Number of protein chains: 2
Amino acid sequence: MNDSRPIRAKSGTNHEGTSAHNRRVMIDALRINGALSRADLARATWLTKQTVSNIIEELERDGLVSSQEAVRKGRGQPSTPYRLVPEGAFAIGLQIDRHVTRAVAVDLVGSVLVRAEAGLPPGGPSTGAKVILDLVTGVRSKLAAIVQQSETRLVGLGVAMPGPFGIDGSGDDPWMMEAWQKFPLLETLTAGTGLDVGLQNDAAAAATAERMVGAAHGLDHAICLFVGYGIGAGLILNGELYRGANGNAGEIGMALLFADGKSTPLEHRASLASLYQHLSADPADPDLHAHIDDLALRGDPSIEAWIEAAAADLRWSIHLIETIFDPQTVILCGSAPVALVNRLIAAIGPLQPSTAERRGRTLPRLQPGMADPWSVALGAAAGPISRAFDPHFAAILKDSR
Amino acid sequence: MNDSRPIRAKSGTNHEGTSAHNRRVMIDALRINGALSRADLARATWLTKQTVSNIIEELERDGLVSSQEAVRKGRGQPSTPYRLVPEGAFAIGLQIDRHVTRAVAVDLVGSVLVRAEAGLPPGGPSTGAKVILDLVTGVRSKLAAIVQQSETRLVGLGVAMPGPFGIDGSGDDPWMMEAWQKFPLLETLTAGTGLDVGLQNDAAAAATAERMVGAAHGLDHAICLFVGYGIGAGLILNGELYRGANGNAGEIGMALLFADGKSTPLEHRASLASLYQHLSADPADPDLHAHIDDLALRGDPSIEAWIEAAAADLRWSIHLIETIFDPQTVILCGSAPVALVNRLIAAIGPLQPSTAERRGRTLPRLQPGMADPWSVALGAAAGPISRAFDPHFAAILKDSR
DNA sequence: CTTATTAAGTCAATTGTCTTGACTTATTAC
DNA sequence: GTAATAAGTCAAGACAATTGACTTAATAAG
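Thresholds, definitions, all that
- Residues numbered from 1 in each chain as written.
- Chains lettered and ligands numbered in written order.
- Predicted model: local features only at pLDDT ≥ 70, side-chain atom pairs only at ≥ 80, totals over all residues.
- Heavy atoms only, no water.
- Near = heavy atom within 4 Å.
- Polar contact = N/O pair within 3.5 Å; in protein donor to acceptor, adjacent residues only side chain to side chain.
- Helix = DSSP H or I, 4+ residues; strand = E, 2+ residues; numbered from the N terminus.
- Nonpolar A, V, L, I, M, F, W, Y, C, P; charged D, E, K, R; others polar.
- Least-squares fit on C-alpha atoms with pLDDT ≥ 70 in both.
- Contact = heavy atoms within 4.5 Å.
- Pairing = 2+ DSSP bridges.
- Buried area = accessible area lost by both parts, 1.4 Å probe.
- Salt bridge = Lys/Arg side-chain N within 4 Å of Asp/Glu carboxyl O.
- Axes fitted to C-alpha atoms, helices over the stretch in contact; angles between N-to-C directions.
- Buried < 20%, exposed > 50% of the residue type's maximum accessible area, 1.4 Å probe, protein only.

A. Inspection of the protein's contact with DNA strand D at higher detail. In the vicinity of DNA strand D there are 30 residues, among which Q50(A), S53(A), K398(A), R75(B) and Q77(B) approach most closely. Across the atoms of DNA strand D situated within 4 Å of the protein, the share located in sugar and phosphate is 66%. One nitrogen or oxygen atom from the side chain of R75(A) is found 3.4 Å from a sugar or linking oxygen belonging to DNA strand D. Contact distances for DNA strand D include 3.2 Å between a base nitrogen and a backbone N or O atom of G76(B). At the level of elements, α2 (38-45) and α3 (49-61) of chain A together with α1 (15-33) and α3 (49-61) of chain B are the ones that each hand at least two residues to the surface near DNA strand D. Of the residues forming the surface near DNA strand D, the biggest block, four residues, is contributed by α1(B). Taken together, the residues of the surface near DNA strand D break down into three nonpolar, 20 polar and seven charged.

B. The relation of the copies chain A and chain B, seen in detail. For the pair chain A and chain B, the superposition axis carries a translation of 0.0 Å, the fit reaches an RMSD of 0.0 Å, and the rotation angle comes to 180°. Overall, the copies show the geometry of a two-fold rotation axis. Of the interface residues in chain A, 100% have counterparts in chain B that sit at the interface too, so the contact is made through matching surfaces.

C. View of the protein's contact with DNA strand C. In the region of DNA strand C, 32 residues are neighbours, and R75(A), Q77(A), K49(B), Q50(B) and S53(B) sit closest. Take the atoms of DNA strand C that sit within 4 Å of the protein: sugar and phosphate atoms are 67% of them. Q50(B) has a polar side-chain atom sitting 2.4 Å from a base nitrogen of DNA strand C. Between a phosphate oxygen of DNA strand C and a side-chain N or O atom of K398(B), the distance comes to 2.6 Å. If you list the elements that add at least two residues to the surface near DNA strand C, you get α1 (15-33) and α3 of chain A together with α2 (38-45) and α3 of chain B. Its residues assigned to classes, the surface near DNA strand C comprises four nonpolar, 20 polar and eight charged.

D. The pairing of strand β6 (residues 112-119) of chain A, seen in detail. Bridge analysis of strand β5 (residues 100-107) of chain A against β6(A) gives seven bridges, and the strand direction is antiparallel. Each bridged residue has a counterpart across the sheet, and for V100(A) the counterpart in β6(A) is G119(A).

E. Summary view of the interface of chain A and chain B. Tallying the contact residues gives 76 residues for chain A and 76 residues for chain B. Across the chain A/chain B interface, buried area totals approximately 6,700 Å², and carbon plus sulfur atoms make up 59% of it. Summed over the shared surface of chain A and chain B, the number is four salt bridges. Between K10(B) and D220(A) there is a salt bridge, and its shortest N-O distance comes to 3.3 Å. Here chain A and chain B share 33 residue pairs in polar contact (both at pLDDT 80 or more) between them. Among the secondary structure elements, those contributing two or more residues to the side of chain A that touches chain B are α1, α2, β10 (231-237), β12 (256-259), α10 (301-325) and α13 (393-396) of chain A. Among the elements that make up the side of chain A that touches chain B, the one with the highest residue count is α1(A) (nine residues). Class assignment of the residues belonging to the side of chain A that touches chain B gives a composition of 33 nonpolar, 27 polar and 16 charged.

F. Region of the structure containing the sheet that holds strand β4 (residues 90-96) of chain B. All names here are of chain B. Taken together, five strands build an open sheet; the order of strands is β6-β5-β4-β7-β8 and the sheet is mixed. Each edge of the open sheet carries a strand with a single partner, namely β6 (112-119) and β8 (197-201). Taking each pair of neighbouring strands and ignoring which way they run, the sheet shows an average axis angle of 20°. Helix α12 (residues 375-389) contacts β4, β5 (100-107), β6, β7 (154-161) and β8 of the sheet and is inclined by roughly 140° relative to β4.

G. The sheet that holds strand β11 (residues 240-241) of chain B, seen in detail. Residues and elements named next belong to chain B. An order of β11-β10-β9-β14-β15 is seen for the five strands of this open sheet, with the pairing classed as mixed. The open sheet has two free edges, formed respectively by β11 and β15 (366-371), since each of these has just one partner strand. With six bridges joining them, strand β9 (residues 222-227) and strand β10 (residues 231-237) adopt antiparallel strand pairing. Paired with F226 across the bridge in β10 is G232. Packed onto the sheet, helix α10 (residues 301-325) meets β9, β10, β14 (329-334) and β15 and runs at close to 155° relative to β9. On the sheet, helix α11 (residues 338-348) packs against β14 and β15 and is oriented at approximately 170° with respect to β15.

H. Quick peek at the pattern of salt bridges. Inspection of every chain in the model, using the stated rule, returns 34 salt bridges over all chains. One salt bridge connects E304(A) with R343(A), and the closest N-O pair in it is separated by 2.5 Å. Here R343(A) lies in helix α11 (residues 338-348) and E304(A) lies in helix α10, a separation of 39 residues in the sequence. The partly exposed category is assigned to R343(A), whose relative accessible area is 22%. When the shortest N-O distance is used, the salt bridge between R43(B) and D40(B) registers 2.7 Å. With R43(B) and D40(B) both in helix α2 and three residues apart, the pair spans about one turn of that helix. Given a relative accessible area of 59%, R43(B) falls into the exposed group. What makes D40(B) buried here is its relative accessible area of 11%. Among the ionic contacts, a cluster of salt bridges with common partners joins K10(A), D28(B) and D220(B).

It is worth stressing that arrangement in space is one thing and function is another; only the former is reported here.
Structure follows, in structure tokens:
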């Protein structure tokens, strides 16, 4: 009667899945290539002109694309290019960091329209939850004041915070994020905002941002090495962010390095946390960012030793990433001060020989990405936009909603 | 006139894509769960009973599934389970290794029906190509002698050989595979057999085999650490083998380890090549495999030191893999003698603490996979089967054929 | 033993989405 | 001025999943 081992199977699909995918493909094509005519879209997507026409018409009705002036380009009827309408959709992004929380509102093309920041009191979620919810609500209403219809076009709230997720705290977590991990954050935010809420770690968010508006734009295989308080990698594989079985893929900071006869997590050697320790600085100091920027810019000796050591570790990490993932490019980004990231990139070169050194490369092996305190919040917001509009396998399937 | 930067876009899909996907989903469900009724399939795939009926009927006509005796399981009409028909499809797998080449014929469910082996003369492709082609032809005709209609049901020829691919040889490649890399192998085999030919590296092939019939069966996130002449990882991510931008993902053997003040590729420390060197053995010796098996079984001191050192490196590798990929499980497999693999697994434990240590785990963090000289050839054959019958994103799209 | 209930599976009509092929429109090349 | 070329539309058609009623075959309940 009750044999019931559950049956595992992938979901099937139907007409709606087909249609949804084709809509996403159009949006993706316009995002990558800029404005395109219906004929261009048909050629690029392998769909018929008629199908493209139908979908474009529908997207235009939905306010997601709009036509531009016709362009003559040789013989034949002039083509009418269509472009993405930035105001076609919005998302809120929320970054929760150790001492600060940031929220942004972005549009369909990834422009930041509203940004707001707040300090996080040391009490953890018990006092911090209200701060966060207020911040989100504030950004949301500022967005509504700037653009009409933003509420109906809000596709979700993306949250980014340091991972890993779902791990039993070791008790000696030096970064105090453990309490946040245990707090039912997503449920609280869902209840408090009524929005679709998604979570990713900060490196994944940075990668999502790079893919939407940065160095990974249009790439299907790219790894973002994110240097923040910790260090992590955002994995873009087959054109999608890879999350792993439990959402913890890319937590490279915990990779072990052997040096001086002992093994140390990468994170303890190359991350802002390690720099703060090296400088005996207080991470909660609001002027620290500017101070480090200044030190890096001046090439202050107090920071040079750390840069050299961190660059060596990053050079190793990049080699490892190239070896394991075989990406089109590696992108170095972070919440670190810009000058520091620039110094790091300079100090990393030249890279180790690797399988990435191939004839016919068009992209550099290592590229600088965003180094902006707001990039993680932007990536957090890019999450819901991507989920709603980018083509991906799960979006075709029946059980995906 | 000629503005022509090429337009990049993902392919759209249509009814055929939908239908093809749903067929694959059925086959996948039967492969993972064993025989299932139409009603079971409908529930598991989210498709309607009617749709499932239509597809099953078609698959039965095509000889890919067949009904079993009806089973009564409580109230209601008895259900008729359907199972995969092993003889529904076949593929040839070819492994090209340094001194030997192996070919197998497998059926839809991954059973090996024919196997053949040949030594590879030292001359490289110039003399080896004929040996290989003859081996494949021999296996193919033996298959045809065993089962009728095998030729019409042959979905392809999968080739596995050591990677990485497409790299400019450094000239001092100690493994002599470079000449093979430059040889137009796929073209030669396509021309010589008329079959669809696909290529993967040996670790990827091992992972493909594990996924079809081994420890990764039914898993969507698993990493196979493959210890052979070199060492590599086969990456199963989101239910598919991940190849990277250039087909070289998982070449972990080139990852650098720091020890004794210098950096060494993992491959030089933990691989059969390093063991051969440790033992001053000749890799071309046909009795070497059995000899090492014997040494490992007896716990011979000449091999124990190597085992301890290699186990330490593998322990580190497993930690790294868990950290970076967040898989459901890690599988240790190889073309090494079984006793050696068993000794390695024993010597690896206990594993390092990692994010993989979570409550509610059901799978072991590390599992033994196949350690069989034929597993790579099997995986090579599993490649075409998987390409033809497993659900994956590319199979839905219009440009995939 | 009879009847109700439950579940598997089928039938026939319908719906949704892409495709096809002919057609219209607008422009440049000769 | 005419032919060639390309963008885009129209209307009918094809394909594959869906829907809801129906049939079949078993067990459970009275």
